[in-house]
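What follows is each chain in one-letter form.
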Amino acid sequence: MFRFLVRRILGAAVILLIISALVFVLFYAAPRDPARIACGKVCTPETLELVKKNLGISDPLPMQYWEWLKGLFVGRDYTSYGHCDAPCLGYSFQSREPVLDTILDRFPTTISLSLGAAVVFLIFGVGTGMLAAVKQGKALDKIASSASLIASSMQIYVVGVFATYLLVDQLHLLDRASYTPFTDNPGKWFSGLLVPWLVLSLIFTANYTRMTRSQMVESLTQDYVRTARAKGLSRRTVFFRFAWRGAMGPIITIFGLDLGVLLGGAIITESTFSLQGLGMLSVKAVGTNDLPILLGVIMVAAAAIIVFNIIVDAVYALIDPRVRLA
Amino acid sequence: MSFSRRNFLIATSVAAAGSTVLSACSSGDAGGSGTPSAGATEYTGAKVTIGTQADSTGPAPEIPGAKTGGTIYGLAPDDFSHLDPQRIYYAYNSTVANVLHRCLTGYKIDASGKQKLVGDLATDTGTPSADNKTWTFTLKEGLKWEDGSELTVEDVRHGIERSWAPFITEGADYVQRALTGKSGKWRDAYEGPYKGKHLDSIVTDKAKRTITFKLAESKPDFNFTLAMHSYAPVPAKLDTKEKYDKKPVACGPYMVKAHTTDKSMVLTRNKHWDPKTDPIRNAYPDGFEFRFGVETLDSTDRLIASQGNDAYAVSIYKGVPAERIQKVLTDPELKKRTFNGLIGGTYFYWINTKRVTDLKVRQALIHAWPLQQIRQIYGGPSAGDIATTTISPDIIGYEKSDVYGKLKKPQGDPEAAKKLLKEAGKEGQKIVYAFPNDPTYNKTKVVIENALKAAGFTPVIKPIDSTSYYDQVQQVDNSYDVMWGGWSPDWPTAFTMLQPLYDGEAIGNGKNNVSQTNVDWINEGIKKNAVISDQNEAGKAWVALDKRIMEEVAPIIPETFTRRFYVYGNKVGGAQFDPNFSATLLYKTFVKA
């Protein structure tokens, strides 16, 4: 296990390095000059040079990248902002705030949204899928399959607006989407995120229902399940100890990836509900050519996906005895 | 105030939500709350005047029924990018600067949207010398900063001098150019105030509270220039340089109490602001609370629903998006909670006179252009009025003229165009039409292409990446014949419209004379009009020049004067259109009982 973790963490560092270099190159390949955007309406060549210097982008690209990397480990000095302590991800071109502070400020919103929705869609998605598999071919199965097909065809920006209109504006059943830190007011945290959780999980629940059902159906026809039944084990034991464990592998893999992606920012959900998480931050950063923010968010998103992949691989081995970590 | 390329960049790349953060000066139908007429509005042409010393005396006229107290909430998709006045140029930043900062002059806006330039910090709109090269202002008594210290002429000078600091790169530069006479090289003339040196061209007398500007060239409308927030004062003793942008010192009725970047801002009363010194601002609420990151569709729905604190809320600088316009205008109850106005400036199409050299061909293009169909795509009459001049209705002296009969045939006149093309012997001429590649202009390109074909042209359609659109069309050697664009003045005199668009000196890469018009009588006319002292007389001269340019050069196809609608919460009173920044005029709002 230890060797596995060390190897994967080293691999992750290399991947992050490659991603950061790629983002740097791609950013400057775009036909947009962040200095020009940050420069005023009357942008004389002299002013443009000043802006580049202030933003820390007057050096050649490799030098800029090196400075950025160095900042991660030893910090960095800026002419306009002073010293930025390690790990320094730089300053936003737009808000002129430290990138790390901005990300740390937005991350709790994204974590709350993602984890809350994950709890809902895992419980309902896996639960409904298992029920549908047990009742294969019967009315419940057909209803669950059809409902999940419809739900998975929905778009968050449609369902989100409709849910707000119906549940918040018209029926006054739920609170308007907002984010209040859990530590400030757990009640408001919950009520403010309930609508986004339900909407986000609606789409995911559908996918997990369909996936769980198909995995379970396949698992229930496996030889080891038939053997277990033939040995006279109870239906419940066969279902949960044998079939379910066998079916969960692919679902955990997808869940790990989904959660990693969500933690990198649920862009559409956050935009639909005006939640200030990493997703909205990255959308705005793209629009304003805010490289430091973009790079910071991409690093966090990539790290989240990599970390969850490692966790998934480790959990895989725990759930399915056929898998061993090499 | 700008309507410029940067704002379009924001409109297309950041906000991308339909309504832009363009700025404007006064507008033709501003302040009213009704549905605009289907055709062009009848403008009076006298929406902006210059006020007297009595007009410059506070307090601001009371708004009937207004009450003091409570909190007004503001919603916006983006935080203000700057609070440091010297870094403020874009309209949306000025919406908050309006209540934090004050300038030597400012605009006193009445309920109908009419404006008077008055002395804000100054006792009047300034005294120019006969040649308009020297301008003197006297500060009012009793002006204070938020900490209770006196606001002096030295603070006014410091605000202007710090424009030279290397960290100030975003503000306007009209005053810097005028003070140094060095055009775009004004930074070379002075190193800024932080090493103890002052500009020789600004003379202050603290005892008499006077400040005198000695300009290198004649500037009859210099008092308009000084109304820009880029020239607001900053207290030298409290100047925190780069950090000032996050926590400026207020001299307006409100000050920043708390600000979480990109999330929220709380403004509270500046107890040292004396309403008797302020002829412009009412300041009824005890404070404002702004929430950022609220997308425009979301904020519009919240304001329509008016639940909880949203009943006391306004959209700070974003109008109703196209998706909700019909809902807002067709519901009588909702319509009562709206106001609208024309955003300053004009949308048009540049005709590249270096490529389309024949006047008759350019005139044929104007005849052929399908303005009505284009406006329909923008949302119909509620989206704006059809433009027929360069000068917009918010400019002093504006008069409606319609050289090519576009108001009678807004759908285009292919027959008239064909006739002109035939006379020019250019039937079937190829026209390369360039536009920003975004959903709206991809729709208008279709009607434009059809209209060009109907008029006997051979259109070539050229979509350009919207984020670098202006960079590309502002290249003098570009390969486009007709290019979509827009321009807004920084203050309501026509100099700031016609000079950048038609002066031969404004031709160049990155400059705004994209039609590359370089005609001696136009260049001379601009110089001559620019030094007329009486702004009403100057206005008439500019309008005449604009009309002659349209008749004899036809370098642009005027398109629309764009209108913007706003909706607000049902417990907000006094909400009206800010004709200068196309936003909600915060300092006139109040909480209804």
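Below is a short write-up of the structure. Please read these numbers as outputs of a predicted model, since none were measured by experiment. (Residues numbered from 1 in each chain as written. Chains lettered and ligands numbered in written order. Predicted model: local features only at pLDDT ≥ 70, side-chain atom pairs only at ≥ 80, totals over all residues. Heavy atoms only, no water.)

1. Re the overall build of chain A
Move 1: Within chain A one finds 13 helices and two strands.
Move 2: A principal-axis box enclosing the C-alpha atoms of chain A has dimensions of 85 × 55 × 40 Å.
Move 3: By residue count, 48% of the 326 residues in chain A fall in the buried class.
Move 4: For chain A, the proportion of contacts with a sequence separation of at least 24, taken over those separated by at least 6, is 65%.
Move 5: Taken together, the 29 basic and 21 acidic charged side chains of chain A have centroids lying 15 Å from each other. (Helix = DSSP H or I, 4+ residues; strand = E, 2+ residues; numbered from the N terminus. Buried < 20%, exposed > 50% of the residue type's maximum accessible area, 1.4 Å probe, protein only. Contact = heavy atoms within 4.5 Å. Lys, Arg positive; Asp, Glu negative; His and termini not counted. Charge placed at Lys NZ, Arg CZ, Asp CG, Glu CD.)

2. Quick notes on the sheet that holds strand E4 (residues 115-119) of chain B
Residue and element names in this part refer to chain B.
Move 1: Ordered in space as E1-E4-E3, the three strands form an open sheet in which the pairing is mixed. Across the chains shown, the open sheet's two edge strands, defined by having one partner strand only, are strand E1 (48-50) and strand E3 (105-109). Pairwise comparison of adjacent strand axes, ignoring direction, gives a mean angle of 35° for this sheet.
Move 2: Judged from the three bridges that link them, E1 and E4 form a sheet pairing that is parallel. Within E4, the position partnered with Thr 49 by the bridge is Lys 116. (Pairing = 2+ DSSP bridges. Axes fitted to C-alpha atoms, helices over the stretch in contact; angles between N-to-C directions.)

3. Quick look at helix H15 (residues 520-530) of chain B
All names here are of chain B.
Move 1: Within H15, the full set of buried residues consists of Ile 522, Asn 523, Gly 525, Ile 526 and Asn 529. For H15, the angular spread of the buried residues around the axis is 160°, confining them to a single face. Exposed positions of H15 whose direction lies more than 90 degrees from the buried face are Asp 520, Glu 524 and Lys 528.
Move 2: Its buried side turned inward, H15 meets helix H14 (495-502) and helix H16 (535-552). (Arc of directions from axis to C-beta.)

4. Considerations on the packing of helix H12 (residues 278-287) of chain A against helix H13 (residues 291-319) of chain A
Residue and element names in this part refer to chain A.
Move 1: Taken N-terminus to C-terminus, the directions of H12 and H13 make an angle of 140°; their axes are 9 Å apart at the nearest point. Once H12 is placed against H13, the crossing between them reads as left-handed. Residues Leu 278, Leu 281, Ser 282, Ala 285 and Val 286 of H12 lie in contact with H13, whose contacting residues are Ile 293, Leu 294, Val 297 and Val 300.
Move 2: Split by residue class, the contact of H12 with H13 holds eight nonpolar, one polar and no charged. (Left-handed = near helix turned anticlockwise from the far one by under 90°. Nonpolar A, V, L, I, M, F, W, Y, C, P; charged D, E, K, R; others polar.)

5. Quick look at the interface of chain A and chain B
Move 1: If you look at the interface, chain A gives 36 residues, while chain B gives 49 residues.
Move 2: Both faces considered, chain A and chain B share a buried interface measuring about 3300 Å² in area, 46% of it formed by carbon and sulfur atoms.
Move 3: Across the chain A-chain B interface, the total number found is eight salt bridges.
Move 4: The partner of Asp262(B) in a salt bridge is Arg106(A), with the nearest N and O atoms 3.4 Å apart.
Move 5: Linking chain A to chain B there are 18 residue pairs in polar contact (both at pLDDT 80 or more).
Move 6: Contributions of two or more residues to the side of chain A that touches chain B are made by helix H2 (34-38), helix H3 (45-55), helix H5 (99-134), helix H7 (156-170), helix H11 (267-272) and H12 of chain A.
Move 7: Tallying contributions element by element places H3(A) first for the side of chain A that touches chain B, with five residues.
Move 8: Residue composition of the side of chain A that touches chain B, by class: eleven nonpolar, 14 polar and eleven charged. (Buried area = accessible area lost by both parts, 1.4 Å probe. Salt bridge = Lys/Arg side-chain N within 4 Å of Asp/Glu carboxyl O. Polar contact = N/O pair within 3.5 Å; in protein donor to acceptor, adjacent residues only side chain to side chain.)

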